[in-house]
Amino acid sequence: MNRLTRRIGDASARRPWVTIGAWVTALALVLPLAGLVGGSFVDDLVAPGSQSEKAMELLEDRFPEASGGSAVAVFAVPEGERIDRHRPAVEAAVDRIADVEHVATVTDPFTGGTISPDGRIGYVQVAFDVPPMKVDPRQIDALSDAIEPVRGDGVVAELGGDAVFINAETPTSGAEAAGLLSALVILVVAFGTIVAALVPVALALVAVAAGLGSIALLAHATEVSTAAPTIGAMIGLGVGIDYALFIVARCRENRAAGQDNSTALSNAMSSSGAAVLFAGGTVVVAMSALALTGLGFLTSIGLSTSLVVLFAVATALTLLPALLSLLGDRIHRGRRRFRGSRMRRFRKSESPESPESPEQTAWWRFAHRVSGRPWPYLLAGSAVLLALAIPALRMETGFPDAGNDATSTTHRRAYDLLAEGFGPGFNAPLLIVADLNSPGVDAEGIPELSRRIADDPGIASLGEPRFSAAGDTVVLPVLPTTAPADAATSDTLERVRGIIPDNVAVSGLTAMTDDLTRQLADTLPVFIAAIIVVSFLLLMLVFRSVAVPLKAAVMNLLSIGGAYGVVVAVFQWGWLGGLFNLHETMLIASPLPTIFFAVLFGLSMDYEVFLLSRVREEYDATGDPTESVARGMAVTGRVITSAALIMTVVFLSFVANPSPLVKMMGLGLATAIVLDATIVRMVLVPAAMALLGRAAWWLPRPLDRRLPRIAAESAEDMEGDDVAPPPEPTPAPTVRIS
């Protein structure tokens, strides 16, 4: 691995303009192509093998007019007025809606009885001739244009319904730019130069741009979730900056040790470059594991995020060495003025910075303090993480509905108006689908079935049965008494499914999302176990140890549990909700625990790899397990802390997003990174390594013989390479990941 990354870096550094030209060409091809042929993003909310999926397949096959998506145009007037005073304007809107492409039927609120009891709110039911996931956003825009003139008549007009909610674009807050600016400030403080700070940010932007373009092209070939670009950009910005940061920092460290530019860069690519390759691969493996859930929209999120991470790794291994070779000592220009008297222009024969002995750092002293009393620190750190994780034991998950979205969106305002005028259950319609060709209820038994369903206390109303043209399928529209995300609605759904015969199924968006939540809960343990096992094997392969990967898995679980607990406390319990612009509590979005685990486990392994690769390097040099941890922390502490701060501010910038789903993602990721970079890396790791001693690097002989080796090259291996090995002795030897 080390030889591979060294050769990739050397080749890019020898031909910098060719490398840069290749990236410019790639972007020039990908981005315009994505704009021209890139697909639209949709959410496949079907749980494979579920009752709701079978019902929808039956409708699409035999009763397609009943399987189409639906939208609702809601009209309302102020208190004390009646909507029928604006009847001409509303009816004109109904005519315009009927002319929209793929609209099959439209109901008139004045003749269809869809006016609220107080006469203030009315709605137009819009049925499409395509399923809700296949309604084109352009049709939604056309509906919006159709109702716009009504607003000029003094009427509130909003669009809601399944098709509008599913196909709504994820809003942005603009705070992501503030996150990038904050990351740039942190880099300036960490490196002391503006040029060195700009390079990682520039590389992250290139990786994200290429990744988002590729995601758009992926959407042309398959269905990709609407959340995929946001999550991909979030992770891409964080890892893109971090990967470049680790390599630039190692290169500057090598220069400080007296190596010339080309040697310093080559050795940095061999050491930190190998760690970047392995860390990025770990994130890709974790995100790709989302396919184990069997859910299409989660699989698309995993593949999309993996694409962005791969571009982040590629830019760090190719574009970064090309830029560094062109910049040379100019990487140290633009130093902060408050360091001025200590900075000078360096000649080629001078190192850019005076190397600081590890023993002079606070990280070294703190690591020795922890290793001197490992048990108190280990127990205290673990207690903090366990305390933060306690709320996670009371986590309640559910699929987000329109009522959880920001009030700035039209579908949320329509949701509130419909709940006000017709009750909360109006937004949670169910479809009872009966296959009359199968044993069970027949056409004569439908009235009795309707009566039994209507007798359930959770059912508000039951519509008239609709028969297919062939008479072999019947649909009963049902409205529960409670909102879609209400736990009582799930209970009602379960009771209804318990009384219907075998040839009857319950579907509709509410039933589909409930089935999704159940499948996610069932597959989460398998998903977690698979990621832990694979990451354990990868770390054992790289570090030739049993204890190190086991320790990493346990500590990652602790930090992830703490992040889960914070998200539950804020969103579900409402603690500090005002700080995050939350005005109501809500269930935790059911896909989030799974997405969280994949992302956080991968990112936590990043820091684990970067720290322990240096610890292993020092251990190989000294043979002292305690001193190797202290020196490893001393030389990586500032870089890992800077990387964690960058990740944190990038993720926190997404907390300002109007979407609750994105808010949860941003807060959960930021919390986990803070916990991982402070309590885990600064306290638990040195304490655990001190207690393990030499046993930390033990691997049974049979395993050691059978496992393939991924090791840094020796001096003999490097003979024939274009770059000579660093002079001996050197305070910054080439890393060994072995």
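Preceding this section is the structure that the text describes.
Residues numbered from 1 in each chain as written. Predicted model: local features only at pLDDT ≥ 70, side-chain atom pairs only at ≥ 80, totals over all residues. Heavy atoms only, no water.

Comments concerning the sheet that holds strand 3 (residues 121–128)
Two pairing modes exist for strands in a sheet, parallel and antiparallel, and in both the strands are linked by backbone hydrogen bonds. Spatial strand order, 2-3-1-4: 4 strands in an open sheet with antiparallel pairing. Each end of this open sheet is capped by a strand with a single partner; those strands are strand 2 (103–106) and strand 4 (156–160). In this sheet, adjacent strand axes meet at a mean angle of 20° when their direction is disregarded. Here strand 2 pairs with strand 3 via 3 bridges, running antiparallel. Considered in strand 3, the bridge of Val-106 is made with Val-126. Along the sheet, helix 7 (residues 137–151) makes contact with strand 1 (70–76), strand 2, strand 3 and strand 4, crossing strand 4 at roughly 165°. Helix 16 (residues 410–422) rests against strand 1, strand 3 and strand 4 of the sheet, and its axis sits at about 105° to strand 4. (Pairing = 2+ DSSP bridges. Helix = DSSP H or I, 4+ residues; strand = E, 2+ residues; numbered from the N terminus. Axes fitted to C-alpha atoms, helices over the stretch in contact; angles between N-to-C directions. Contact = heavy atoms within 4.5 Å.)

Side note on the packing of helix 21 (residues 591–622) against helix 22 (residues 625–653)
Interhelical geometry of helix 21 versus helix 22 gives an angle of 160° and a closest axis separation of 8 Å. Put simply, helix 21 runs roughly antiparallel to helix 22. Like other packed secondary-structure pairs, helix 21 and helix 22 cross with a definite hand, here right-handed. Split into classes, the residues belonging to the contact of helix 21 with helix 22 amount to 15 nonpolar, 4 polar and 3 charged. (Parallel < 35°, antiparallel > 145°, perpendicular 65-115°, else oblique. Left-handed = near helix turned anticlockwise from the far one by under 90°. Nonpolar A, V, L, I, M, F, W, Y, C, P; charged D, E, K, R; others polar.)

Quick notes on the pairing of strand 9 (residues 473–480)
Each regular strand displays side chains that alternate between the two surfaces of the sheet. The element strand 9 is extensively covered by neighbouring structure, given that 6 of its 8 residues are classed as buried. Sheet analysis places strand 6 (residues 430–435) next to strand 9, joined by 6 bridges and oriented antiparallel. Note that in strand 9 the partner of Val-433 across the bridge is Val-475. When strand 7 (residues 459–462) meets strand 9, the two strands line up antiparallel, connected through 3 bridges. When the sheet's bridge partners are listed, Ser-461 is paired in strand 9 with Leu-479. The turn linking strand 8 (residues 466–467) back onto strand 9 is made up of 5 residues, and Gly-471 within it adopts a positive phi angle of 75°. (Buried < 20%, exposed > 50% of the residue type's maximum accessible area, 1.4 Å probe, protein only.)

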